[in-house]
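Residues per chain, in single letters:
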Amino acid sequence: HAEAFKELEDTQSQLEIDRTFLANLRKKCAQSDAEFEQRVKDRTAEIAAVEDTIAILNDDTSFDNFEKTVNVALLQTSSVSAASQRDRLGRAATVLERGAALTGAPALSLLATRARLDAFTKVKAEIDKMAAELAKQQEDEIAHRDWCIDELNKNNRSTEEAYDVKDGLQAKIA
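Residues numbered from 1 in each chain as written. Predicted model: local features only at pLDDT ≥ 70, side-chain atom pairs only at ≥ 80, totals over all residues. Heavy atoms only, no water.

Draft legend 1. Expanded view of the overall build of the chain. Along its length, the chain carries five helices and zero strands. Helices (α) and strands (β) of the chain occur, in sequence order from the N terminus, as α-α-α-α-α. Counting only residues that meet the buried cut, the chain has 21% of its 174 residues in that class. (Helix = DSSP H or I, 4+ residues; strand = E, 2+ residues; numbered from the N terminus. Buried < 20%, exposed > 50% of the residue type's maximum accessible area, 1.4 Å probe, protein only.)

Draft legend 2. Fine view of the state of the cysteines. One pass over the structure, following the stated rule, counts one disulfide. Across the disulfide from Cys29 sits Cys148; the S-S distance is 1.9 Å. Given an S-S torsion of about -115°, the disulfide between Cys29 and Cys148 has left-handed geometry. Placement of Cys29 in helix H1 (residues 2-58) and of Cys148 in helix H5 (residues 121-173) is noted, with a sequence separation of 119 residues between them. (Disulfide = S-S within 2.5 Å.)

Draft legend 3. Expanded view of the pattern of salt bridges. All told, the structure shown has nine salt bridges when counted by the stated rule. Of the charged contacts, one joins Arg43 and Glu141 as a salt bridge, the two residues approaching to 3.2 Å between their closest N and O atoms. With Arg43 in helix H1 and Glu141 in helix H5, this residue pair connects regions lying 98 residues apart in the sequence. One salt-bridge network, held together by shared partners, links Glu35, Arg39, Arg43 and Glu141. (Salt bridge = Lys/Arg side-chain N within 4 Å of Asp/Glu carboxyl O.)

Draft legend 4. A look at a negative patch on the surface. A contiguous patch of negative charge, built from Glu160, Glu161, Asp164 and Asp167, is present on the exposed surface. Its place among the elements puts Glu160 in helix H5. (Patch = residues over 30% accessible without salt bridge, like charges linked within 9 Å, V, L, I, M, F, W, Y side chains within 5 Å. Areas by Shrake-Rupley, 256 points an atom, 1.4 Å probe, with all protein chains shown as cover. Lys, Arg positive; Asp, Glu negative; His and termini not counted. Charge placed at Lys NZ, Arg CZ, Asp CG, Glu CD.)

Draft legend 5. Region of the structure containing the side chain of Asn155. Relative to the helices and strands, Asn155 is located in helix H5. Residue classification places Asn155 among the buried residues on the basis of a relative accessible area of 6%. With near-sequence residues (within four places) excluded, Asn155 lies in contact with Asp18, Phe21, Leu22 and Leu25. (Contact = heavy atoms within 4.5 Å.)

Draft legend 6. The confidence of the model for the chain, seen in detail. In this model, the chain carries an average pLDDT of 78, and 80% of its residues clear a pLDDT of 70 or more. Confidence scores differ between elements of the chain, with helix H2 (residues 60-69) showing the lowest mean pLDDT of 68 and H1 the highest of 85. (pLDDT = per-residue confidence, 0-100.)

Draft legend 7. Layout of the environment of Ala115. If you trace the backbone, Ala115 turns up in helix H4 (residues 106-117). In the structure, Ala115 is positioned 22 residues away from Ala93 in sequence and 5.6 Å away in space, judged by C-alpha atoms. Other than its neighbours up to four places away in sequence, Ala115 contacts Leu89 and Ala93.

Quick look at the structure:
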């Protein structure tokens, strides 16, 4: 009986360690869940803002405002720069629009629209890049949350096994 009693004490000691670990794990997982939910909410708001920005940039009034607010006199003309390329692209789009209006050709109108959209290509690329990064972060957080849930389940199984061993030893002692 002394050996079984010693094994019971060891099992009870391990059970207490497991209970402490489980309590800490539950606390950490609850905190992680709360942080995860907040990040998901923030990310959803960021994605909605990015989508709104894309919609605004693609709106016809944005193109009209861009044409009205860009001061061509302030552009550097001594070297080939992004500004001069945009200026050339704008002039080409204007020529295409006039040609589309005169001939009624929808293909020319489409080309003019594409030329105007190219002015926002870098902005759109950065927005797409940011959206991809946000999606990656969300995937990482989901993986971490799944790991946390898996560890909690493993600990629950381990605790149940320890209870079974404890009950068996108590029955053996009695």
